[in-house]
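Each chain, letter by letter, is given below.
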Amino acid sequence: MHLSHPLGAALLATSLFAAGGAVAAGPAPLAAQGCLGCHGPNGAGIGSGARLAGREAAELESIMRAYRADQRQGTIMNRIARGYTEQDIAAIAAYFAAIR
Amino acid sequence: MTHAPTRRAALGATLGLIASPLAAPALSRAQGQARLLVIGGGFGGASAARFARTSYPELQVTLVEPLTRFVTCPYGNLLLGGTRQIGDITHAYDGLRAAGIRILHDWAEGIDAGAKRVRLRGGETLSYDKLILSPGIAIRFGALPGYDEAAAEVFPHAWVPGDGSQTLLLRRQLEAMPDGGVVGFSIPPNPFRCPPGPYERISMVAAYLRRHKPRSKILALDAKDAFSKQGLFQDGWKALYGDMVEWVPASRDGKVARVDPAAKVFETEFGERHRLDVGNVIPPQSAARIVLGSGLAAQTGWAEVDPRSFASKAAPDIHIVGDAMNGAPMPKSGYIANNTAKQAVASAVAALRGEAPPEAVYFNTCYSHVGEDYGISIVGIFRPGAGGFVEVPNSGGVSPRGDLPEQRRLEAIHADTWYASITRDMFG
Ligand SMILES: Cc1cc2nc3c(=O)[nH]c(=O)nc-3n(C[C@H](O)[C@H](O)[C@H](O)COP(=O)(O)OP(=O)(O)OC[C@H]3O[C@@H](n4cnc5c(N)ncnc54)[C@H](O)[C@@H]3O)c2cc1C
């Protein structure tokens, strides 16, 4: 991203707040974008959708692996987790973990 | 839906102040001020505009959408069932405007792909560096004999909600129908917008009739022999509505060949005339008119795109997303429109920087309400492949079958969460 313009920098800083309480270091990797339709803006949590933002990457990764292996029960996450590679899961977990 | 008005209002004010100088047309166009034009402010277009604005603040983002308020197709079926009101499924563009997106409430009339210009009905012409096109579908009036625009006032389609009037008309007809009436559905062949949509609609109408007009019948005439989440829907219909719902597949003369609005009749392929009290025609569809009129659609009526960048095969600076493109085997769903829009924006930005489009994964879930505390879902995860889109093996699929009341109850709740979450992602 090119932030030589002071207005651009200000805008970026504010726009990261626009997600509604979860402040990320940059745009979500595209794999993590798929999670935002159920887990709230930037993973902040919404309704019955658990908060993902700010949680330990290792915890998120191990939950995803457990869903994938059917060692953890869910209504839908088992079917979802099987669609992602180890690398996807690492990138997604790192992204949500970095949100403050 | 949950909102945080105080904080967002304050934020809007801040952004409004600092965003306006950036939104003004730039005289020189260094890479930093590239112009992204988005046509259509629905599932694909609103998602594209907001993602572009928040992820790439250096872009100038303009959105062209004729409606000042967007009524979602999703949850429109719950309005028919009586558990949602029109206000619950209507969204304003204030959040996008506050994020610094220039919004023009107008129709795009024509695209000059060579000159990279779009002409609006109001007379203005807009230039772009990259265009994201997500105008949705058009009803192919006339493709089903007897079904023209006038017929849609007798047999509403309620499949392109526009200002919501079609969905409200169908609801009024259901309310006015006497107990013991017959509600008919005409369901088209594939591909069409929202594969499970007709069957969720049947379910929600059944829920309303069961409660208020229990002697009524539903006659669902289908041009197909199989449909999305079929086993789950049929289990639910039986459990919740007994024999109220009769679904007739194509192989048993379910295909409607002609409609007669004056006589209120659906006529099937082999000549059977079904007289109805209320009729919902889900008609054959194509990409929206602007796609056809700009020469961006193939013979099929849908646009062909690159599966990684969504660049049109007919014009590389135009990225076509959402229902208008041929994304098979991905469904024409709001969630896919949302996902593909983000990938298209990221690819458009990459192209402006002289880079390749990023790695892609497309995610879909369609929840359906079968009854008040009874939800089901289908999940599909796709990646670009050599010749198109490929579903990730051993992933996704439908909810488990069987007598699982807790699964159904929870999925109805999670469906509501999905609606709240995705509309926040689109509109802020
Ligand atoms: C009953 C029903 C239930 C559904 N339920 C679900 C669900 O539960 N989950 C799900 O994921 N999907 C669902 N869908 C599907 C979903 O609604 C569509 O897949 C989605 O709307 C597609 O997004 P889009 O951006 O392609 O089109 P749209 O969302 O229709 O947006 C297109 C926009 O472009 C505008 N437009 C058109 N032409 C022009 C022009 N020339 N100039 C400017 N603007 C223009 C239109 O006014 C419109 O606002 C449902 C659909 C129906 C009918």
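These numbers were taken from a predicted model, which means no experiment stands behind them.

**Student:** Let's hear about the overall build of chain A: which residues, and what values?
**Tutor:** Along its length, chain A carries 5 helices and 0 strands. Starting at the N terminus and walking to the C terminus, you meet the elements of chain A as α-α-α-α-α. Going through the 100 residues of chain A one by one, you find that 54% of them count as buried. When contacts within chain A are restricted to residue pairs at least 6 apart in sequence, long-range pairs at least 24 apart make up 48% of them.

**Student:** Report on the layout of surface pockets, specifying residues and quantitative values.
**Tutor:** Rolled over the atoms, a probe sized like a water molecule indicates the empty space that remains. One number sums up the size of the second largest pocket: a volume of about 670 Å³. Along the walls of the second largest pocket sit 31 residues, with His39, Ala50, Leu52, Tyr67 and Met77 of chain A positioned nearest its centre. Sorting the residues of the lining of the second largest pocket by element identifies helix 3 (57-68), helix 4 (77-81) and helix 5 (86-97) of chain A together with strand 20 (362-371) and helix 10 (405-427) of chain B as the ones contributing at least two each. A breakdown of the residues in the lining of the second largest pocket according to their chemical character gives 20 nonpolar, 9 polar and 2 charged.

**Student:** Tell me about the UniProt feature "domain: FAD/NAD(P)-binding" (unreviewed entry) in chain B, and name the residues and values.
**Tutor:** UniProt records the feature "domain: FAD/NAD(P)-binding" (unreviewed entry) for residues 35-149 of chain B in the present numbering. Taken end to end, residues 35-149 of chain B comprises 21% helix and 33% strand; its first and last C-alpha atoms sit 37 Å apart.

**Student:** For the domain arrangement of chain B, give the residues involved together with the corresponding values.
**Tutor:** Residues and elements named next belong to chain B. When the domains of chain B are assigned, the result is domain 1 (7-66 + 106-136 + 288-427) and domain 2 (151-285). For domain 1 and domain 2, the distance between their C-alpha centroids amounts to 30 Å. The partner domain 2 presents 21 residues to the 21 residues of domain 1 that form the contact. Taking both sides of the interface into account, the surface hidden between domain 1 and domain 2 amounts to around 1700 Å²; carbon and sulfur atoms contribute 61%. Here glutamate 372 makes a salt bridge to arginine 211, at a shortest N to O gap of 3.4 Å. Broken down by secondary-structure element, the contributors of at least two residues to the side of domain 1 that touches domain 2 are strand 20 and strand 21 (374-384). Tallying contributions element by element places strand 20 first for the side of domain 1 that touches domain 2, with 6 residues. Taken together, the residues of the side of domain 1 that touches domain 2 sort by class into 10 nonpolar, 6 polar and 5 charged.

Reading the values: the criteria
- Residues numbered from 1 in each chain as written.
- Chains lettered and ligands numbered in written order.
- Predicted model: local features only at pLDDT ≥ 70, side-chain atom pairs only at ≥ 80, totals over all residues.
- Heavy atoms only, no water.
- Helix = DSSP H or I, 4+ residues; strand = E, 2+ residues; numbered from the N terminus.
- Buried < 20%, exposed > 50% of the residue type's maximum accessible area, 1.4 Å probe, protein only.
- Contact = heavy atoms within 4.5 Å.
- 1 Å grid on protein atoms, 1.4 Å probe; cavity = no way out; pocket = protein on both sides within 12 Å on 5 of 7 lines; lining within 4 Å.
- Points joined across faces, edges and corners; volume = space filled by probe spheres on them.
- Nonpolar A, V, L, I, M, F, W, Y, C, P; charged D, E, K, R; others polar.
- UniProt positions renumbered as here; feature names shortened; annotations may be inferred.
- Domains from an automatic or database assignment.
- Buried area = accessible area lost by both parts, 1.4 Å probe.
- Salt bridge = Lys/Arg side-chain N within 4 Å of Asp/Glu carboxyl O.

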